[in-house]
Amino acid sequence: MTAATVTAAPLAPARRPGVAAGLRHTLTLAWRSLVQIKHNPMELLDLSIQPVMFVLLFTYVFGTAISGSPGDYLQFALPGIVVQNALFATMTTGFGLNNDLTKGVFDRLRALPIARWSPLAGRILADTVKQAWSVSLLVGVGAILGFRLGNGVVGLLGAFALLLAFSLAASWISVLVGVLVSEPEKVQIFGFMVIFPLTFTSNVFVPTDRMPGWLQNWVEVNPVTILADALRGLLVGGPVAGPVFQSLIWAAVLAAVFAPLAVRALRRRV
């Protein structure tokens, strides 16, 4: 009697989700990140109260000393404060990503039958929405205090688009840091060590001609200065084409350098 040999059919490879499915997964995970805000009051504080405090403090403490009146200083400083807040907010991407990685949430998401890129894309998309909220809040508070748009709605929309594009490119730095460090708090330390000096050695708060001559050379090429000048041109008035073009070049360079490094580091870690 001959034993029958049963040959198992090879399992078909798992089918990868298409682009449309990946976009749905991204939107779902972005919504997950946004809903978590109600369980984390400190994040809401960072997104809302802290930016407003910066506007109030700098306008009424330094306004008269720098520009002669709080109203004149607000016209100069608000676009720069928006830039500073946006750059600091990019650190939340790395902080949240590192938190998901260290707690195993990212691994559980990647184990689901979803697009492999959707967890990271969902995190970045959610943080972009948070950026839009912070910018809207700052402009709204500025309008209450007396800030006036020089180029109307078109300039405002252009400023929104430019700032979000630059923030999206800069967030890849945060993603890279979030993947490389072992604790979420180290992402915040990096932000203060890098973004803090960059913003305070720019013309965000003080006009370039009020600074020492040796510092002006750096301030003029500082990408934060260039972005702040672009937003001033769009929101208040002044040169637009040059600063906007240079800001887009900086955004493209940041994305081209740090996005591949961040994706490579993430693949090695997970």
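For clarity, every value in this text was computed on a predicted model and none was experimentally measured.

Rules used in this analysis
- Residues numbered from 1 in each chain as written.
- Predicted model: local features only at pLDDT ≥ 70, side-chain atom pairs only at ≥ 80, totals over all residues.
- Heavy atoms only, no water.
- Patch = residues over 30% accessible without salt bridge, like charges linked within 9 Å, V, L, I, M, F, W, Y side chains within 5 Å.
- Areas by Shrake-Rupley, 256 points an atom, 1.4 Å probe, with all protein chains shown as cover.
- Salt bridge = Lys/Arg side-chain N within 4 Å of Asp/Glu carboxyl O.
- Helix = DSSP H or I, 4+ residues; strand = E, 2+ residues; numbered from the N terminus.
- Expected span 1.5 Å × (residues − 1).
- Bend = angle between axes of the 7 residues up to and from the residue.
- Buried < 20%, exposed > 50% of the residue type's maximum accessible area, 1.4 Å probe, protein only.
- Contact = heavy atoms within 4.5 Å.
- Axes fitted to C-alpha atoms, helices over the stretch in contact; angles between N-to-C directions.
- Parallel < 35°, antiparallel > 145°, perpendicular 65-115°, else oblique.
- Left-handed = near helix turned anticlockwise from the far one by under 90°.
- Nonpolar A, V, L, I, M, F, W, Y, C, P; charged D, E, K, R; others polar.
- UniProt positions renumbered as here; feature names shortened; annotations may be inferred.

### Looking at a nonpolar patch on the surface
Then, in step 1: Taken together, the side chains of M42, L45, I49, M53, L57, V61 and F62 define a hydrophobic patch exposed on the protein surface, amounting to about 640 Å² of accessible area.
Then, in step 2: Among the structural elements, I49 can be located in helix α2 (residues 41-67).

### Overview of helix α11 (residues 241-269)
Then, in step 1: Counted at 1.5 Å a residue, the expected span for α11 with its 29 residues is 42 Å, and the 41 Å between its end C-alpha atoms agrees.
Then, in step 2: At F258, α11 is bent by approximately 30°, the largest bend along its length, and proline P260 sits one to four residues beyond.
Then, in step 3: Those residues of α11 lying buried are P243, V244, S247, A251, L254, A259, A262, A265 and L266.
Then, in step 4: The secondary structure elements touched by the buried residues of α11 are α4 (91-102), α5 (105-111), α6 (118-145), α7 (152-180) and α10 (223-235).

### Remarks on the packing of helix α3 (residues 70-89) against helix α8 (residues 184-200)
Geometrically, a packed helix pair is captured by the angle between its two axes and the distance between the axes.
Then, in step 1: Two elements in contact, α3 and α8, have axes separated by 10 Å at closest approach and are oriented at 165°. With respect to α8, the axis of α3 lies roughly antiparallel. Note on packing geometry: the crossing formed by α3 with α8 is right-handed. Within the contact between the two elements, α3 uses Q84, L87 and F88 and α8 uses G191, F192, I195, F196, T199 and F200.
Then, in step 2: For the contact of α3 with α8, the residue count by class is six nonpolar, three polar and no charged.

### Regarding the UniProt feature "transmembrane region" (unreviewed entry) in the protein chain
Then, in step 1: Feature annotation in UniProt assigns "transmembrane region" (unreviewed entry) to the following positions: residues 44-66, 132-150, 156-180, 187-206 and 248-266.
Then, in step 2: The annotated region residues 187-206 carries 70% helix and 0% strand content, and the separation between its end C-alpha atoms amounts to 28 Å.
Then, in step 3: As annotated, residues 248-266 comprises 100% helix and 0% strand, and the C-alpha atoms at either end are separated by 26 Å.

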